[in-house]
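# Structure at a glance
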There are 4 protein chains.
Amino acid sequence: MLMDLSNRSKEFVAAIPHCAALGIHVVDTANAAVTLGLPYDVRLVGDPATGVIAGGAVSVLMDTAAGAAVMAHPDAHGLTATIDLRIDYMRSATPGQRIIARAECHHVTTHVAFVRAFAYDEDETRPVAIANGTFTVIRAQPSGTEA
Amino acid sequence: MLMDLSNRSKEFVAAIPHCAALGIHVVDTANAAVTLGLPYDVRLVGDPATGVIAGGAVSVLMDTAAGAAVMAHPDAHGLTATIDLRIDYMRSATPGQRIIARAECHHVTTHVAFVRAFAYDEDETRPVAIANGTFTVIRAQPSGTEA
Amino acid sequence: MLMDLSNRSKEFVAAIPHCAALGIHVVDTANAAVTLGLPYDVRLVGDPATGVIAGGAVSVLMDTAAGAAVMAHPDAHGLTATIDLRIDYMRSATPGQRIIARAECHHVTTHVAFVRAFAYDEDETRPVAIANGTFTVIRAQPSGTEA
Amino acid sequence: MLMDLSNRSKEFVAAIPHCAALGIHVVDTANAAVTLGLPYDVRLVGDPATGVIAGGAVSVLMDTAAGAAVMAHPDAHGLTATIDLRIDYMRSATPGQRIIARAECHHVTTHVAFVRAFAYDEDETRPVAIANGTFTVIRAQPSGTEA
């Protein structure tokens, strides 16, 4: 079952052309939690003076990790889409370093999944950015008792 | 003056390697308002079954337009960076169509600029997504009267 | 029909004990748009040094106006609840003045309503705060064609 | 030093008339982290059919806890104000139970403090709501090396 969920989130990420173009790949996947990686690439730079990766590229990574975490939730079935997403940018990622994003789908209602994600460069003690969002979800076993 | 601001936001966008890689370009720029375009490209697709562009690519476009709108504000001086950004995704963009994002820097305090942006495909009556965020700002003429 | 929707949003607000306790009342209601008022009250003050109303009280007003706007949408049926809400605080409300919040439900999907709201004191040219959020919705006529 | 910070956040909360009116009180305070409580009160009810407390009241509690957490941060000096705040509502609070909000100021830049908060009823394993926001901050020892 967990193996299936793990495969499902890997296939979800692998099938997205924009992720392939950016080099986004699955680092780890578990029950309702997914870690993705984004290699440093000069084409992703947002500030040519410093070589810092564009916040938007970090945003794509976190959004994808969040969607994959919904796919990896045991109560989810089928596809998901972002409803809304907030990202807080705490600091610049260090140039030259890979970015990883860890996302967790922490709550699921009948129609909405709640997800948070953290992005790090090689210093995993200080997040580069934090994301909080809601995603559409189709429950595997629809619950009639929750709104 | 407005010409200078207009040039400043154009240079801001043109200097970002990630924008160049995506094909993001300035469509229009005015006092505290900037419109950017993103051509349809199969490398930006988020859903291979439909050819719909990834929400993350739309997010990059809106984030960049918002930053450029801060640069185009008469009270701003120097660089800006995203503090936080919320994006609401109302509908999928129509495959094959160019996306545009219109951003407006609607309020500036001593240290923070408030920006909203709307993204559209060729149907400009129904936004694809809406963004609201805050950005760092350096005031051109620091005001001692506002907190 | 519009009369019914108008009444529905008025009843929605009138039935909330917390709104009654704060003095929140309907100023105007239309198709998918609702304006609520909040009288100045020393019990709502957030900063005793200035007499400025607490941002949280403005937040309650905007959240309620947003929910009422969902109730006033012709495609909505039955109750609604806030899924998530972002509020940007641009400036302090002027002490002694009534606050009004104008909310509009600008998009509805099968399960989610998107709402924005603006809060003003007596100077309606400069918003005090802006809210953007998503709410649960039950469609009056479920659409099978929209995700 | 920590005692001073603790007192500072207690005074911050005690001095807010709106908090006194709601019965909001300090449960615990530590370095950059504050827990506040909100007793159940029929005047705070948002849904008369169920007796559930209004989401807006929970929002006021989390916003205040977040501001107090900024005040309790060793690098902060003087007052703070909410710049923006996002709240995700995962479930209804159980009627009759006290709500607590735990806030942590997890990052501070020269002008902006980043805060998250969690709200619980008596079941602390499942949050009622989560908040993420940015607040103004005046650094006690301004750093010239951070943007």
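Residues numbered from 1 in each chain as written. Chains lettered and ligands numbered in written order. Predicted model: local features only at pLDDT ≥ 70, side-chain atom pairs only at ≥ 80, totals over all residues.

Overlaying chain D on chain A yields an RMSD of 0.0 Å, the required transformation being a rotation through 180 degrees with an accompanying axial translation of 0.0 Å. Here the symmetry operator amounts to a two-fold rotation axis. Looking at chain D, 100% of its interface residues are interface residues in chain A too, so the copies touch through the same face. (Least-squares fit on C-alpha atoms with pLDDT ≥ 70 in both. Contact = placed C-beta atoms within 7 Å.)

The subject of this paragraph is the sheet that holds strand S2 (residues 33-38) of chain B. In space, the twelve strands of this open sheet follow the order S1(A)-S2(A)-S6(A)-S7(A)-S8(A)-S5(A)-S5(B)-S8(B)-S7(B)-S6(B)-S2(B)-S1(B), with antiparallel pairing throughout. Pairing within the sheet leaves two strands with one partner each, and these edge strands are strand S1 (25-30) of chain A together with strand S1 (25-30) of chain B. Averaged over all adjacent pairs, the angle separating strand axes in this sheet is 15 degrees, with direction ignored. In this structure, strand S5 (residues 82-89) of chain A lies alongside strand S5 (residues 82-89) of chain B, joined through five bridges in antiparallel fashion. Note on S5 of chain B: the bridge partner recorded for Asp84 of chain A is Asp88 of chain B. Most of the contacts of helix H3 (residues 55-71) of chain A go to strand S6 (residues 99-108) of chain A, to which it runs at about 40 degrees, and overall it touches strand S2 (33-38), S5, S6, strand S7 (112-120) and strand S8 (129-136) of chain A together with S5 of chain B. Against the sheet, helix H3 (residues 55-71) of chain B contacts S5 of chain A together with S2, S5, strand S6 (99-108), strand S7 (112-120) and strand S8 (129-136) of chain B, and its axis sits at roughly 40 degrees relative to S6 of chain B. (Pairing = 2+ DSSP bridges. Helix = DSSP H or I, 4+ residues; strand = E, 2+ residues; numbered from the N terminus. Axes fitted to C-alpha atoms, helices over the stretch in contact; angles between N-to-C directions.)

Taken together, the contacts link 28 residues of chain C with 27 residues of chain D. Elements supplying a minimum of two residues to the side of chain C that touches chain D: helix H2 (17-22), strand S3 (45-47), helix H3 (55-71) and strand S5 (82-89) of chain C. Of the residues forming the side of chain C that touches chain D, the biggest block, eight residues, is contributed by S5 of chain C. For the side of chain C that touches chain D, the class distribution of residues is 16 nonpolar, seven polar and five charged. (Nonpolar A, V, L, I, M, F, W, Y, C, P; charged D, E, K, R; others polar.)

With that settled, the discussion passes to the pairing of strand S2 (residues 33-38) of chain C. Residue and element names in this part refer to chain C. Burial runs high along S2: five of the six residues are buried. Of the pairings in the sheet, the one linking strand S1 (residues 25-30) to S2 comprises five bridges and is antiparallel in character. If you follow Thr29 over to S2, its bridge partner there is Val34. Linkage of S1 to S2, two consecutive antiparallel strands, is achieved through a turn of two residues, within which Ala32 is found at a positive phi near 70 degrees. The pairing of S2 with strand S6 (residues 99-108) spans six bridges and is antiparallel. Its bridge partner lying in S6, Leu36 is registered against Ala101. (Buried ≥ 20, exposed ≤ 12 C-beta atoms within 10 Å, placed from the backbone.)

Let's shift gears to the packing of H3 of chain C against helix H3 (residues 55-71) of chain D. When two helices pack together, their arrangement is given by the angle between the helix axes and the distance between those axes. Contact pair H3 of chain C / H3 of chain D: the axes reach a minimum separation of 9 Å and the direction vectors enclose 150 degrees. As judged from the angle between their axes, H3 of chain C and H3 of chain D are roughly antiparallel. Judged by the twist between their axes, the crossing of H3 of chain C over H3 of chain D is right-handed. Contacts from Gly55, Gly56, Ser59, Val60, Asp63 and Thr64 of chain C in H3 of chain C reach Gly55, Gly56, Ser59, Val60, Asp63 and Thr64 of chain D in H3 of chain D. A breakdown of the residues in the contact of H3 of chain C with H3 of chain D according to their chemical character gives two nonpolar, eight polar and two charged. (Parallel < 35°, antiparallel > 145°, perpendicular 65-115°, else oblique. Left-handed = near helix turned anticlockwise from the far one by under 90°.)

Between the two copies, chain C and chain D, the superposition gives an RMSD of 0.0 Å; the rotation angle is 180 degrees and the shift along the axis is 0.0 Å. Comparing interface residues between copies, 96% of those in chain C also lie at the interface in chain D; the contact surface is shared.

The next thing to look at is unusual backbone geometry. Here the phi dihedral of Ala32 of chain B falls at roughly 70 degrees; this positive angle occurs in a residue that is not glycine. The residue Ala32 of chain B is located in the loop between S1 and S2 in this model.

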